[in-house]
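What follows is the residue order along each chain.
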Amino acid sequence: MLATMSSAYERLIEHQRRTATLASAAGVLGWDQQTYLPPAAAPHRGAQAAALAGMVHEWRVDPRLGEWLAACEETPAENPASQQAVNLRWIRRSYDKAMRLPGELVAEQAEAASSAYDAWKDARARADFTAFQPHLERSLALARREADHLGWETCRYDALLDIYEPGATAAMVSDLFTPLGQELRALLDEVDQSPSEENGVALPAAIPVQEALCREVLAAIGFDFDRGRLDTTTHPFCTGLGPHDVRITTRYHEDDCLDAISGALHEGGHALYEQGLVAEHWGTPMGQTVSLGIHESQSRLWENQVGRSLGFCHFLQALFGKQLPAAAEIDPERLYAHLNRVTPGFIRVESDEISYNLHIILRFELERAMVEGDLAVADLPGAWNDRFRELFGREVPDDARGCLQDVHWTAAFGYFPTYTLGNCYAAQFFTTACQELGDQEAAFARGDFASLCDWLRTAIHRQGSRYLPHELCAAVTGAELDRSHLLAHLRHRYLGQRV
Ligand code: ZN
């Protein structure tokens, strides 16, 4: 029996690695499409991507997987956190999910997402919700069908949220977001009273200079350029293509180098997580990142907790001295005030650290209501504008600056909460890191980020998918996810309060 199980397990793992290898080849083509592909090559690239996606899907629903899993599951795991138990649990989870979804639904979702994306771009440019409405109705109906195939107990939204944040539920998110929204709303009122206009800083720089700055910052935080690349795109992203190949992109605006640096820190945080996974586990759940929320916690921690700290501003000023003489004299305190100014606006991706989470809470409430059938798509603009007025006290001028601004609902419902979950996890992880390592401001000012990077590698990156996100949080910080850490961070940052 033991021999059977071990050979079934070996075959299972070999199959996982082969599938991951094929999927990573598709990933390289996807990365190339967003960076260097000549425009006329797009249709053929689409055909290549579809052919590979079809093969990957076939391998993922290979009936032998079910047989190997059943053979392995005859002997229950003694230690649920052991490498084998973790791998079996996650492979079972993804196999069951893949088997539950009918092929025609998956194909229809891919086609619907592609036409919804084109319609959304056009509708947003013209601020015309009615042009997007039938596409949104279709993508929502497909997502509801997907949830019903995947299965749910308490509410349909849970099935969709679980795709992106395994183990999380709408009830758990709601318990966290409802009081957080009220507290952030109150904090915004307090912060708004302090003047911020005179803190504006403009740091124009030629693009090669900006790129050199981004590379120095990335190298300083621990990004390994022998195992990764930095390229340029309109929409920055990070993608892990293999055990020693993690690609990130950023964008440059000639009138402001700080935007590119902040983007590089965000994507660099994602990349450190991918580069910190254990290479020998590559292609198996033990060598995979665990959720979008935890992934986002790593990007936000470097972008916000580190990248907007006073220590980091001292480091930046020293860096400017080498690369950007015009900015060498800039006062780090002024840079700090500039990086932490509060500018509540209509657009999520342009918002500050406080209002960002209010934007997410709004989206969570509305997409949950749509998925549960409590809000008709036709009523979305009105519901959006009403809730925006309650949260921000302002009138949304048009749907391009309202419910049409984000691409997510062309294809994904249940994704938005992972951003604010990531912010909460980031604050809690950083609090624990500073308790264990001591205050990091002086180290940051010297450009020394190694202690923090090593701590994250051990506590989070090397764990792969050993724990569910909320279990990882408890294992690392000794406590459940708690919004008080994010609030304390924001009150310290924006009101100067030591908490
Ligand atoms: Zn991110």
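Located above this text is the structure these notes cover.
Quick caveat: nothing in here was measured; it's all calculated off a predicted structure. (Residues numbered from 1 in each chain as written. Predicted model: local features only at pLDDT ≥ 70, side-chain atom pairs only at ≥ 80, totals over all residues. Heavy atoms only, no water.)

Focus: the overall build of the protein chain
Helix and strand content of the protein chain: 20 helices and three strands. A compact globule built from 499 residues would reach a C-alpha radius of gyration of about 23 Å, and the protein chain, at 23 Å, matches this within 12%. Taken along the three principal axes of its C-alpha coordinates, the protein chain extends 70 × 50 × 50 Å. Taking all 499 residues of the protein chain together, the buried fraction comes to 52%. Counting contacts in the protein chain only where the partners sit at least 6 residues apart, residues at least 24 apart contribute 73% of the total. When the accessible surface of the protein chain is totalled, it reaches about 21,600 Å², and 52% of it is carbon and sulfur. A gap of 2 Å separates the mean positions of the 44 positive and 70 negative side-chain charges of the protein chain. (Helix = DSSP H or I, 4+ residues; strand = E, 2+ residues; numbered from the N terminus. Rg over C-alpha atoms; globule rule 2.2 N^0.38 Å. Buried < 20%, exposed > 50% of the residue type's maximum accessible area, 1.4 Å probe, protein only. Contact = heavy atoms within 4.5 Å. Areas by Shrake-Rupley, 256 points an atom, 1.4 Å probe, with all protein chains shown as cover. Lys, Arg positive; Asp, Glu negative; His and termini not counted. Charge placed at Lys NZ, Arg CZ, Asp CG, Glu CD.)

Let's talk about the packing of aromatic side chains
What the rule picks out here adds up to 21 aromatic pairs. Seen in terms of ring centroids, Phe223 and Phe225 are 4.8 Å apart; in terms of plane orientation they differ by 75°. Their pairing is edge-to-face. Phe223 sits in the buried class, given a relative accessible area of 4%. Ring centres 5.3 Å apart and planes at 80° place the aromatic pair Phe315 and Phe449 in the edge-to-face group. Here the residue Phe315 occupies a position in helix H12 (residues 310-323), and Phe449 occupies one in the loop between helix H17 (441-445) and helix H18 (450-459), the gap between them amounting to 134 residues. The exposure class of Phe315 is buried, given its relative accessible area of 10%. A residue is classified by how much of its surface remains accessible, and Phe449, at 1% relative accessible area, is buried. Members of the aromatic cluster, joined through ring pairs, are Tyr164, Tyr356, Trp384, Trp409, Phe413, Tyr415, Phe416 and Tyr419. A cation over an aromatic ring shows up here: Arg348 above the ring of Tyr419, its NZ or CZ 5.0 Å from the ring centre. (Phe/Tyr/Trp six-rings, centres within 6.5 Å; stacked < 30°, edge-to-face > 60°. Lys NZ or Arg CZ within 6 Å of the ring centre and 35° of its normal.)

A short note on helix H6 (residues 129-150)
Here H6 spans 30 Å end to end across 22 residues, near enough to the 32 Å set by a 1.5 Å rise per residue. Of all the bends in H6, the greatest measures close to 25° and is centred on His135. Listed as buried for H6 are Phe129, Phe132, Gln133, Leu136, Ser139, Leu140, Leu142, Ala143, Glu146, Ala147 and Leu150. Structurally, H6 contributes buried residues whose contacts are with helix H4 (83-100), helix H5 (103-126), helix H7 (156-164), helix H14 (353-371) and helix H15 (380-392). Taken from the residues just after H6, Gly151 is the one with a positive phi, measuring 95°. (Expected span 1.5 Å × (residues − 1). Bend = angle between axes of the 7 residues up to and from the residue.)

Quick notes on unusual backbone geometry
For Ala127, which is not glycine, the phi dihedral falls at a positive 50°. Relative to the helices and strands, Ala127 is located in the loop between H5 and H6.

Focus on the coordination of the zinc ion
Ligation of the zinc ion by protein atoms is provided by His266 (NE2), His270 (NE2) and Glu296 (OE), these donors lying 2.1 to 2.3 Å from the ion. Linear spacing of the donor residues for the zinc ion on their chain is H-x3-H-x25-E. One end of the pair is His266 and the other is His270, both in helix H10 (residues 257-275) and four residues apart, which spans about a single turn. Residue His270 is classed as buried on the basis of its relative accessible area of 11%. (Donors = N, O, S within 2.8 Å, 3.2 Å for Na, K, Ca; no water.)

Examining the side chain of Ser297
As for its position among the elements, Ser297 is in helix H11 (residues 292-306). A distance of 3.0 Å separates polar atoms of two side chains, one belonging to Ser297 and the other to Gln298. Apart from the residues lying within four places of it in its own chain, the contact partners of Ser297 are Gly422, Tyr425, Ala426 and Phe429. (Polar contact = N/O pair within 3.5 Å; in protein donor to acceptor, adjacent residues only side chain to side chain.)

The values reported here are purely geometric and, on their own, carry no functional implication.
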